[in-house]
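# Structural overview
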Amino acid sequence: MNPNPVQILTDQNRNQTLSQELLVIWENAVRATHLFLTLQDIEDLRPLVLQGIAEIQHLITHTQPEGHPLGFIGVQDEKIEMLFVDPAVRGMGIGKSLVDYAIHHLNVHSVDVNEDNPQATGFYEHLGFRVYARSEQDEQGKPWPILHMRL
């Protein structure tokens, strides 16, 4: 598979079809990597993810030649707020290409990672991020510890 270059999405090309495609990627990725979440947790997070997709400052996808997304990153105020890659293509450099784009074009320098997702922590450490702080709860007050990382 040889995905197209990163495609930058703006408000005018964020539509319901794309949002649903990205939601499927999110859910599949979360089921593969966020093993601490219950099915109810995932269900409860869906509306927040759709809201984030709609409202995030910068939404960037990595697409197949036909235009279907393989992964996406959301950046707000120089911070990665979301990064999800279809599990079928994990390990093919898609996540790295999205993060590289965000670092070089959007001046990203930080990300928060669920402590209970060691794959994500290792991924970001491999890209040069380091843990500088820890929170006992996530932004919604859930008991999911967060590692705050920066370049």
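Just above sits the structure.
The model shown is predicted, which means the values in this text are computed figures rather than measured ones. (Residues numbered from 1 in each chain as written. Predicted model: local features only at pLDDT ≥ 70, side-chain atom pairs only at ≥ 80, totals over all residues. Heavy atoms only, no water.)

For the pair helix α1 (residues 16-33) and helix α2 (residues 39-55), the least separation of the axes is 10 Å and the interaxial angle reads 140°. As for how α1 packs across α2, the hand of that crossing is right-handed. Contacts between α1 and α2 involve Ser19, Gln20, Leu22, Leu23, Trp26, Glu27, Val30 and Arg31 on the former and, on the latter, Leu39, Ile42, Leu45, Arg46, Val49, Leu50 and Ile53. Partitioning the contact of α1 with α2 into residue classes produces 10 nonpolar, 2 polar and 3 charged. (Axes fitted to C-alpha atoms, helices over the stretch in contact; angles between N-to-C directions. Helix = DSSP H or I, 4+ residues; strand = E, 2+ residues; numbered from the N terminus. Left-handed = near helix turned anticlockwise from the far one by under 90°. Contact = heavy atoms within 4.5 Å. Nonpolar A, V, L, I, M, F, W, Y, C, P; charged D, E, K, R; others polar.)

Attention shifts here to unusual backbone geometry. Positive phi outside glycine occurs at Asp77, with the angle close to 50°. On the basis of relative accessibility, which here comes to 58%, the residue Asp77 falls in the exposed class. Phi is positive for Asn107, close to 55°, though the residue is something other than glycine. Inspection of the secondary structure assignment puts Asn107 in the loop between α3 (94-106) and β5 (110-114). Assessed through its relative accessible area of 46%, Asn107 is described here as partly exposed. (Buried < 20%, exposed > 50% of the residue type's maximum accessible area, 1.4 Å probe, protein only.)

Attention now goes to the nonpolar core. Counting 23 residues, the largest nonpolar core has Ile73, Ile80, Val99, Val108, Tyr124 and Phe129 as its most contacted members. Of all the secondary structure elements, the ones that give two or more residues to this core are β3 (69-76), β4 (79-85), α3, β5 and α4 (118-126). With 7 residues, α3 is the single largest residue contributor to this core. Once residues within four sequence positions are removed from consideration, Val108 is found in contact with Val75, Glu78, Lys79, Ile80, Ala102, Ile103, Phe129 and Leu151. Listed in part, the 19 residues of the second largest apolar core include Leu18, Val30, Phe36 and Met82. (Core = buried A, V, L, I, M, F, W, Y, C linked by side-chain atoms within 4.5 Å.)

Moving on: the pattern of salt bridges. Once the charged atoms of two side chains with opposite charge are near each other, the side chains can pair. All chains considered together, the criterion is met by 8 salt bridges. Between Lys96 and Asp100 there is a salt bridge, with the nearest N and O atoms lying 2.8 Å from each other. Taken together, the residues Lys96 and Asp100, both in helix α3 and 4 residues apart, mark about one turn of the helix. By relative accessible area, Lys96 is classed as partly exposed at 39%. Arg134 is the partner of Glu115 in a salt bridge, and the nearest nitrogen-oxygen pair spans 2.7 Å. In this pair, Glu115 sits in the loop between β5 and α4 while Arg134 sits in strand β6 (residues 130-135), placing the two residues 19 residues apart along the sequence. The exposure class of Arg134 is partly exposed, given its relative accessible area of 41%. Overlapping salt bridges bring together Glu27, Arg31, Glu43 and Arg46 as one network. (Salt bridge = Lys/Arg side-chain N within 4 Å of Asp/Glu carboxyl O.)

So yeah, pure geometry; function would need other evidence.
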